[in-house]
There are 2 protein chains.
Amino acid sequence: MSKKAVYVFGPARTDGAANMKNSLGGKGANLAEMCRLGIPVPPGLTISAEICAIYARHGANVVRKLIEEEVLAGIAFIENEFGKKFGNAADPLLVSVRSGSRVSMPGMMDTILNLGLNEEAIPGLAAAFGNERFAWDSYRRFIQMYGDVVMGLKPASKEDPDPFEEIIDRIKTEKGVRLDTQLDLGDLRRMASEFKALIAGRLDRAFPDDPWEQLWGAIMGVFESWNNERAKLYRKMHHIPDAWGTAVSVQSMVFGNLGGKSGSGVAVTRDTVSGEDIFNGEFLLDAQGEDVVAGIRTPQQITLEGSRRWARLAQVSEEDRRAQRPSMEELMPEIHRQLLETETILENHYRDMQNIEFTIQEGRLWILQTHSAKRTGAAMVRVAMEMLEQGMIDEKTAMLRVTPDRLDELLHPVFDHAALANARVITRGLPASPGASTGQIVFFPDEAEQWARSEFDVILVRRETSPEDLRGIAAARGILTAHGGMTSHAAVMARGMGKCCISGAGTIHIDPKARTMSVGDRVYKEGDWISLDGSSGLVYEGKISTRNADLSPDFDKLMGIAERYKKLAVRANADTPEDARMARNFGAVGIGLCRTEHMFFEGDRIKAMREMILAKDETGRHRALARLLPMQRDDFEGIFTAMDGLPVTICLLDPPLHEFLPQDDVSQREMAIEMSLSYEDIKRRVDELHEANPMMGHRGCRLGITYPEITEMQARAIFEAAINVKACGIVPKVEIMVPMVGTVREFDSQARVIRGVAELVFARHGSTVDYMVGAMIETPRSALVADNIGRQAEFFSFGTNDLTQMTFGFSRDDVGKFLLPYLKAGMYTQDPFQSIDQESVGQLIRMGVEKGRSVRPDIRLGVCGEHGGDPASIEFFHRVGIDYVSCSPFRVPIARLAAAQAAVADTVVE
Amino acid sequence: MSKKAVYVFGPARTDGAANMKNSLGGKGANLAEMCRLGIPVPPGLTISAEICAIYARHGANVVRKLIEEEVLAGIAFIENEFGKKFGNAADPLLVSVRSGSRVSMPGMMDTILNLGLNEEAIPGLAAAFGNERFAWDSYRRFIQMYGDVVMGLKPASKEDPDPFEEIIDRIKTEKGVRLDTQLDLGDLRRMASEFKALIAGRLDRAFPDDPWEQLWGAIMGVFESWNNERAKLYRKMHHIPDAWGTAVSVQSMVFGNLGGKSGSGVAVTRDTVSGEDIFNGEFLLDAQGEDVVAGIRTPQQITLEGSRRWARLAQVSEEDRRAQRPSMEELMPEIHRQLLETETILENHYRDMQNIEFTIQEGRLWILQTHSAKRTGAAMVRVAMEMLEQGMIDEKTAMLRVTPDRLDELLHPVFDHAALANARVITRGLPASPGASTGQIVFFPDEAEQWARSEFDVILVRRETSPEDLRGIAAARGILTAHGGMTSHAAVMARGMGKCCISGAGTIHIDPKARTMSVGDRVYKEGDWISLDGSSGLVYEGKISTRNADLSPDFDKLMGIAERYKKLAVRANADTPEDARMARNFGAVGIGLCRTEHMFFEGDRIKAMREMILAKDETGRHRALARLLPMQRDDFEGIFTAMDGLPVTICLLDPPLHEFLPQDDVSQREMAIEMSLSYEDIKRRVDELHEANPMMGHRGCRLGITYPEITEMQARAIFEAAINVKACGIVPKVEIMVPMVGTVREFDSQARVIRGVAELVFARHGSTVDYMVGAMIETPRSALVADNIGRQAEFFSFGTNDLTQMTFGFSRDDVGKFLLPYLKAGMYTQDPFQSIDQESVGQLIRMGVEKGRSVRPDIRLGVCGEHGGDPASIEFFHRVGIDYVSCSPFRVPIARLAAAQAAVADTVVE
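What counts and how
- Residues numbered from 1 in each chain as written.
- Chains lettered and ligands numbered in written order.
- Predicted model: local features only at pLDDT ≥ 70, side-chain atom pairs only at ≥ 80, totals over all residues.
- Heavy atoms only, no water.
- Helix = DSSP H or I, 4+ residues; strand = E, 2+ residues; numbered from the N terminus.
- Buried < 20%, exposed > 50% of the residue type's maximum accessible area, 1.4 Å probe, protein only.
- Areas by Shrake-Rupley, 256 points an atom, 1.4 Å probe, with all protein chains shown as cover.
- Lys, Arg positive; Asp, Glu negative; His and termini not counted.
- Charge placed at Lys NZ, Arg CZ, Asp CG, Glu CD.
- Axes fitted to C-alpha atoms, helices over the stretch in contact; angles between N-to-C directions.
- Parallel < 35°, antiparallel > 145°, perpendicular 65-115°, else oblique.
- Contact = heavy atoms within 4.5 Å.
- Least-squares fit on C-alpha atoms with pLDDT ≥ 70 in both.
- Salt bridge = Lys/Arg side-chain N within 4 Å of Asp/Glu carboxyl O.
- Phe/Tyr/Trp six-rings, centres within 6.5 Å; stacked < 30°, edge-to-face > 60°.
- Pairing = 2+ DSSP bridges.
- Buried area = accessible area lost by both parts, 1.4 Å probe.
- Polar contact = N/O pair within 3.5 Å; in protein donor to acceptor, adjacent residues only side chain to side chain.

1. A look at the overall build of chain A
- The number of helices and strands found in chain A is 37 helices and 31 strands.
- Along the first, second and third principal axes, the C-alpha set of chain A runs to 105 × 60 × 55 Å.
- When burial is assessed residue by residue, chain A has 58% of its 910 residues classed as buried.
- Summed over its atoms, the accessible surface of chain A is roughly 36,400 Å², and 49% of this surface lies on carbon and sulfur atoms.
- The average position of the 106 basic charges and that of the 128 acidic charges among the side chains of chain A differ by 2 Å.

2. Re the packing of helix α2 (residues 50–58) of chain B against helix α8 (residues 211–225) of chain B
All names here are of chain B.
- Here α2 crosses α8 at 80 degrees, and the two axes come no closer than 9 Å. Between α2 and α8, the interaxial angle falls into the category roughly perpendicular. Of the residues in α8, those touching α2 at Ile-51, Cys-52 and Tyr-55 are Met-220, Phe-223 and Glu-224.

3. Re the side chain of Asp-635 of chain B
- Tracing the chain through its elements places Asp-635 of chain B in helix α25 (residues 618–642).
- The contact partners of Asp-635 of chain B, leaving out residues within four places of it in the chain, are Met-599 and Arg-605 of chain B.

4. Re the relation of the copies chain B and chain A
- Expressed as a screw operation, the relation of chain B to chain A combines 0.1 Å of axial shift with a rotation of 179 degrees, fitting to an RMSD of 0.2 Å. Look at the turn and shift together and you get a two-fold axis relating the two.
- Here 98% of the contact residues of chain B are again contact residues in chain A; the copies associate through an equivalent surface.

5. Quick look at the pattern of salt bridges
- Applying the stated criterion across every chain yields a total of 127 salt bridges over all chains.
- Among the ionic pairs, Arg-322 of chain A bridges to Glu-318 of chain A, the shortest N-O distance being 3.5 Å. Here Arg-322 of chain A pairs with Glu-318 of chain A, and both are found in helix α12 (residues 318–324), just four residues apart, close to one helical turn.
- Judged by relative accessible area, Glu-318 of chain A falls into the partly exposed class, the value being 24%.
- Salt-bridge contacts for Asp-687 of chain A lead to Arg-463 of chain B; the nearest nitrogen and oxygen are separated by 3.7 Å. Here Asp-687 of chain A, found in helix α27 (residues 679–689), pairs with Arg-463 of chain B, found in the loop between β15 (458–462) and α20 (470–475), and the two come from separate chains.

6. Section: the packing of aromatic side chains
Residue and element names in this part refer to chain A.
- Here the structure, examined in full by the defined rule, presents 56 aromatic pairs over all chains.
- Taking 5.0 Å as the distance between ring centres and 85 degrees as the angle between the ring planes, the aromatic pair formed by Phe-134 and Phe-255 counts as edge-to-face. Note that Phe-134 is positioned in helix α5 (residues 132–149) and Phe-255 in the loop between β5 (247–252) and β6 (263–268), a separation of 121 residues in sequence.
- Take Phe-255: its relative accessible area is 4%, and that puts it in the buried class.

7. Re the sheet that holds strand β19 (residues 516–519) of chain A
Residue and element names in this part refer to chain A.
- The strand order β18-β19-β20 describes an open sheet built from three strands, whose pairing is antiparallel. The open sheet has two free edges, formed respectively by β18 (508–511) and β20 (522–525), since each of these has just one partner strand. Going across the sheet, the axis of each strand differs from the next one's by a mean of 25 degrees, ignoring polarity.
- By the bridge criterion, four bridges tie β18 to β19 in an arrangement that is antiparallel. Of the residues in β19, the one forming a bridge with Asp-511 is Thr-516.

8. Description of the interface of chain B and chain A
- Taken together, the contact pairs 57 residues of chain B with 57 residues of chain A.
- The largest per-residue losses of area from chain B upon contact with chain A belong to Met-696, Arg-745 and Arg-781 of chain B, which jointly make up 16% of the total buried on that side.
- The interface formed by chain B and chain A includes 33 residue pairs in polar contact (both at pLDDT 80 or more).
- Those elements that place two or more of their residues in the side of chain B that touches chain A are α27 (679–689), α28 (701–706), α30 (744–765), α31 (780–784), α33 (800–808), α34 (816–824) and α35 (838–855) of chain B.

9. Regarding unusual backbone geometry
- The phi dihedral of Arg-351 of chain A falls on the positive side, at around 55 degrees, and the residue is not glycine.
- Mapped onto the fold, Arg-351 of chain A is located in the loop between α14 (333–350) and β9 (354–361).
- The backbone phi angle of Glu-455 of chain B is positive, close to 70 degrees, even though this residue is not glycine.
- Along the chain, the position of Glu-455 of chain B falls in the loop between α19 (445–453) and β15.
- We classify Glu-455 of chain B as exposed; its relative accessible area is 72%.

Structure, rendered in structure tokens:
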């Protein structure tokens, strides 16, 4: 072994550094780095992750032979630094053993504390700290941890109780006590000996008394755990190479539970909620780190300022505060000063907000860990922009610091944090459209409209939604559905409107007749208040106040930076002038998908639409279409005007026709009367139009091919609208998209109709506008033959929702039935409707791009599926050479930032 | 021009030959070949198809300059041979002008007859044949043909009448006559002059009087027609290169309509229905070829034997026959002898059954055309095997002579030919499953069963079918559905059973309550007789008798030859021991797809299945599955026994669970009583299981993953059955297939369950069987990531039905709504559910094959979709390296022959 296997860290010498994560793991590297910065870290050693691969191939004996000398030297180093000897019964050095890979990874071996202890050494430990109970408690905890984690004494099955806890429970029951702390020294002694007997009995080998044997067991246990099933599955799901391996850190123990001059806590260098640049944090006296995390005792604030703010919120008087919950700044001013110094060093050094774990052992501060602090979306933006301002980081770094998805939190209303604390969760569904909303339950779309008109706040609750529910959805504060996935109809519409929606909440049962919704035994009636958190999918009982998140100047600054870096353009999906304007405000440079079908549900239009569908022949269809024409033209005029000078991609009618017809008996009878037709005629036509699988039915350009007059009407409305607005000085940029193209012949036939109409309209008005005709690539077939289609189509827009459906072979309306269990079982590593499945759908898109460009090098390539707003997908789209993405208006800022990050990642080598 | 442009043919000299089809077109080459054989063909010339490309690039003037000299020389040759001069008014040589490409191709220019005639020459023509009316009639026909075809005088729109026919009608009305033959000389004269006036008026140019101008116009017209829209579309659809071009044949006219010593007819060298080696044919006295085709007069037989047979069938006495409809053999023994000589020469020369067109002009026989005769499937087999026997052709040629699809005619019942003649067609649907059947209409599956039990012949008529209809389908003689495509549920089941089925007959309206089916105004009640031709899709009124087609020794011989050549193995799709036995009889070497879902509909099983689905928890499901286990095991024992020694691929449960539940109110209430559950419970569960797009829903391995106990039960039934039959000396070869695989993780999870069960069963029984676990590749995703899946799966079977659905993005249940108009409009060149779409689905299969083999070189690759029985698809599968196809038992012989042909085509260079 020529290469070093063991790296020590301590005040006297530190072999590692922050840039050695690959060998030392994240934790080991940071511990070494802190030592180099002169920060008080309990000394220790880290065994390199490279040894892990040797273990996997050759086993424990070879590894031990290989590294024994270095480990012994390392332990000697710790002993020297710490002034205690490992295995010295009189005053034992205790250590912790931890695993650590270069990326944080669950599933690996848990931490072992207090290693090095045995019965012989207990008096020594007790003497060293003057506390015999502490010594025995440390010992029994060590046996339990080691027995479970290293020796593998597990419950026989998931349903069985933990055998150690069984012993504890039995002793408590016999003593008639409830808490661990009520057990006396004898109980703890007995517990330790029963633990050891349990291990010997079940595993047929004795618990090791020899500290060295304990140590080697723990080291090999860490290496072994790298290849347990859970860790392997996690690595597979996250594409982490098996070869990386895990390091092992062995560190001297310090104790925060040695009385009033000891304690443990967590500090952060800035405010994690607002991002404001104020040091803050919490600590507990006479406690270990795990006690802070467990949340049984309420911790105290580190700073005086923080403590006073807490008192204000908790309505505690200054006297009481000072008496009962003083800050560390008041209690331990010296420790506080040291912490302040440390946080400044660490933040300046790492150039990011730090989360710092510390322990105070009998008046001495020890830093146990530091890492980048988790923060809210708002804090993310503020910290990045302020650090840029403070000259700590450069522009690109600042931009990369913000996770694009987290901007959502800034764009949608959120629940009032305090109000949420006491709220009761009813159930959980899919977080289909973010934001928070609160309102009264209504079960029918038309009634939702009525209630909303009377100024009620309404939550529309439906089994599932259909396009007919559009106006009810628009009127509601939020939508909750029992069926449907993240891209169900309700979800897509809600996201487009920036409206909160939870879909696929499968445990709720809706009884429309009784006007109730029930979850288990609980029944909620029409008019009852509920609250939805569309970002988490949680449904709450009752009314919870919400607040709008304002867009800060920091946000604008961030967007300005993104704008300068991104290469991928960002457009929006918008069907109305209002949406178009909102999208433009959010920075969209065009409309990438304007669906025309929603337009047919408004007001009287549905009637004309139904007449068109029910017409017996072409003449009848023409008559009804003539009535729809002026309405469509108005729509397009509004949208062209809103997008003056920016491109608008209009998708021709796409959904199967029966979506426009009433499906139930009563509505069909009403319609018969309204249209002076017999009920039987209407029923027959609806039956005729019924489809077994409408998603794969008579839709998209298949409609335009069988009924060219529909395409003609739509093309005419588009071109006339463009010419009309042009006359008013507006610049319309028209792109007409043919949906569900499968073969080049389909596209051709529709393009010919569109171009013919254009010539007619231009001739009649003596005016022309530029326009393009392109294909929506949303069936696998169209991607596979994109070279043929590209010869005729001036642009492609990848409809990734349908492309995902067809590639996987599931419908987004039905996927709710198995998506959650699938994600849990690791069948999919992500929801393929949220983030593009690069391996399959991505492969088809890449083919489409290459084939399209091979025949038409300047072909315009866009993406108009839901994935257009997903950062990971945007990174992929950037990489394969897509020109623009289109997403719902509320995701435009997210997409812009993601596009900029993708562009930077493309040029920067880390 | 160094190369020859014009090729003459005639007794004195013939430049061309049969092997020059590329230059001379099929017709020109055969005319030349016949001349070389000394057969009396009216002399003529052929302009090479290579000139067509020059015409397309450079136009008429260049072409004329290029070929004028050769054409003049060619016409001089004809004049010399025929003894008449072109343009000689005293005795004009008239010619026909025809187009001709190397493959027969509709859409090109029609034939022009009588070219070279003008008013000046009419007296000469009249004198030459002593018939003035004939001369004028020839002239007015020529003007009409030339004006329409060459000069392009067409009706203004589809709805307008033909302007020439309008003139004819007007003259007839004025004369008060009904038939053309009632018009006199003056009328014909007037007609000719009005035709010319019409042309001059509408086209603004005069009808050419000059024969040479006529000739050049016709030649250029042929070249021009190569690029008309219809021809271009046809070429695109049939992948015919534009560069091939068309030849032009100019041939001297002969006339069969010059009295009782003239005539026209068609002869065939063998019987086109039975294939028997007897010369036969029909002719009409005093008639032109077109009169024979038109079918207004009933023709007479050529041979005495044929004539006598006709008389027997028509119940005409020998005296009457001889008097009224004597054979050519009796009437014109010398012509008959010449014909007999000619047919022998031609068949021996071409080594195939010939269809020969001839004209007798005033006692002299002229042969106008010969080509391979169209024939029935039975004739195809018999002719090929007898010619092989007779030493005329070799084995490979004999095998290639039989179109595999036509074997269908030998395998299924057919209508009695005579009975069909008078049958009234009600409507036409998709020819979903071949064969003929006749029976009484029944609208409900259970009633179909009851009627059938009482020995009624039943046709089951349904809007669409569901798996629940299985027993009704099995009981019926045939199935007719209003919805669904060629691979709808009904169609697939019917084909599997070899039962006639017509699907997607969209014009029929079914009223189940009234128990009627109507087409337009006609109403058919329950119990009315109808007849279905599943090979053509025609639905007939009334009862039409059918007969079974027997399998001849020739058929067995053909199959024996195929067996020796084919490389692709042929398995069958079969779900029952009966089907398995039938498949084995037809030569299947295994079962490539045994679907288990059909098994759950039989008898009481559906009850247990429903209990399983309705179970509230795993325990309930286990209980119901335990009841299903022995039944499944029995099924598999039967199938393994039937297939002793041959592989059986069993596909795990695939369809969405709600297919097993009753969907209507009444059945749900019945079920509630039967199962002692509340109606509400059942309704709720059915609602919960409802899917918007079941084809893309919770099905396939997604079921097995969410309910592993189903997979466990099925695996256990399979392995226990295999071990049981093994104990009886049977050799089970087990292949378990996981359906609807999308990701390797899905496959893994199911494979692990299966292999776990295998170990348990083997251990319990102390016996093992070999087995494989493989994946059904039926989603685009699985083909795209076949390398990942192939690492785990021991075989792939491409489920091409679903793969086609997902790739195109349409469901086979709904495709009926637009498939027919789509095929008509050329959107698809073929039904992609019948023949694999090589461009897209084929591309995915090729990827799947390559990726699969790249990680597992010996991976077994099969195809189990409907395409496994389609010859064109089989050719493709052979080419991409598939190991076996699996198809319905009745298509096994077809697939075997197609596989052999593909193998021969692969090695033979023509």
